[in-house]
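As a plain string of letters, each chain reads:
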Amino acid sequence: MKIATRIACYQLIIAVLCAVLWSVVEGGREGLAALAGGGIGAVLTFYAGLKTFSASCTDAQYAVMNFYRAEVRKLILAVVLFAVAVRLFADVFAPVLVTFALTLPVYWFALLWDSSDG
């Protein structure tokens, strides 16, 4: 769970930086939309980590099923969160998508982290 929390924190940092940048360049509404897009990425990461790693199990089959359940729920949550974002930011949706996309490479960098770091 520590790694998932760390990934979500980095994604939130990216969301805030992008929100500030969008606000300065385009305006406050675009900045808020960017914050929403980055927030969606962070919430999805934290949710999946929480659901995947919260249950302690010794059975490998149960662990795999728990992981798949968490991923399916994450996809459903993504649909709901993006539907809300479309409803709120339909006129300025580019910052939502761009910032969400910019939160995804954090997963790649997480592969380089030393697992003993947490």
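Residue numbers restart at each chain and count upward from 1, following the sequence in its written direction. Side-chain atom pairs in this predicted model are given and counted only at pLDDT of 80 or more, local residue features only at pLDDT of at least 70, and totals for whole chains, interfaces and linings cover all residues. Excluded from the side-chain calculations are hydrogens and water; all other atoms, namely the structure's heavy atoms, are used.

## Focus on the overall build of the chain
Secondary structure is summarised from DSSP: a helix means a run of H or I of at least four residues, a strand means a run of E of at least two, and numbering begins at the N terminus for each. When helices and strands are counted, the chain shows 5 helices and 0 strands. When the helices and strands of the chain are read in sequence order from the N terminus, they spell out α-α-α-α-α. On the principal axes, the C-alpha backbone points of the chain span a range of 50 × 30 × 15 Å. Residue burial in the chain is summarised as follows: out of 118 residues, 35% are buried. Sequence-distant contacts, at least 24 apart, represent 71% of the contacts inside the chain between residues at least 6 apart. With an accessible surface of roughly 7300 Å², the chain has 72% of that area assigned to carbon and sulfur atoms. Charge counting treats Lys and Arg as positive and Asp and Glu as negative, with His and both chain ends excluded. To locate a charge, take NZ of a lysine, CZ of an arginine, CG of an aspartate or CD of a glutamate. If you average the places of the 8 positive and of the 7 negative side-chain charges in the chain, the two averages end up 10 Å apart. Whether a residue is buried, partly exposed or exposed follows from its accessible area with a 1.4 Å probe, protein chains only, as a fraction of its type maximum: under 20%, in between, or over 50%, in that order. Here, two residues are considered to be in contact whenever any of their heavy atoms come within 4.5 Å of each other. Each accessible area is a Shrake-Rupley estimate made with a 1.4 Å probe; only the visible protein chains count as cover when residues are assessed.

## Considering the packing of aromatic side chains
By convention, a stacked pair of Phe, Tyr or Trp rings (six-membered ring in the case of Trp) has centres within 6.5 Å and planes under 30 degrees apart, an edge-to-face pair has planes over 60 apart, and any other such pair is tilted. Within the structure shown, the criterion is met by 2 aromatic pairs. Between Phe-82 and Phe-100 the ring centres are 5.0 Å apart and the planes differ by 85°, which places this aromatic pair in the edge-to-face class. Of this pair, Phe-82 sits in helix H3 (residues 60–89) while Phe-100 sits in helix H4 (residues 94–103); the two residues are 18 residues apart in sequence, bridging distant segments of the chain. Like Phe-100, Phe-82 is buried.

## Some points on H4
For H4, the set of buried residues is Pro-95, Val-96, Thr-99, Phe-100 and Thr-103. Buried residues in H4, looked at end-on, bunch into an arc of 125°, giving them a common side. Along its buried surface, H4 packs onto helix H1 (2–25), helix H2 (28–53), H3 and helix H5 (105–110). Regarding the arc, it is the one traced by the directions from the helix axis to the C-beta atoms.

## Looking at the state of the cysteines
Put simply, a disulfide is two cysteine sulfurs that come within 2.5 Å. In total, this model carries 0 disulfides according to the counting rule given. With no disulfide partner, Cys-9 has as its closest neighbouring cysteine sulfur the one in Cys-18, 16 Å distant. Residue classification places Cys-9 among the partly exposed residues on the basis of a relative accessible area of 43%.

## With respect to the nonpolar core
Buried Ala, Val, Leu, Ile, Met, Phe, Trp, Tyr and Cys residues form a nonpolar core when they are joined through side-chain atoms within 4.5 Å. One finds Ala-33, Ile-40, Leu-44, Ala-78, Phe-82, Ala-85, Phe-89, Val-92, Phe-93, Val-96 and Phe-100 forming the largest nonpolar core, which totals 11 residues. Of all the secondary-structure elements, those providing two or more residues to this core are H2, H3 and H4. Ranked by residue count, the leading element in this core is H3, at 4 residues. Once you skip the residues sitting within four places of it in the chain, Phe-89 turns out to touch Arg-29, Leu-32, Ala-33, Ala-36 and Val-96.

## Here we look at the pattern of salt bridges
One speaks of a salt bridge when a side-chain nitrogen belonging to Lys or Arg is within 4 Å of a carboxyl oxygen belonging to Asp or Glu. This model, assessed by the stated rule, comprises 1 salt bridge. With a shortest N-O distance of 3.0 Å, Arg-29 and Asp-91 are connected by a salt bridge. With a gap of 62 residues between them, Arg-29 in helix H2 and Asp-91 in the loop between H3 and H4 connect regions that are remote in the sequence. By relative accessible area, which is 37% here, Arg-29 ends up partly exposed. Residue Asp-91 is classed as exposed on the basis of its relative accessible area of 57%.

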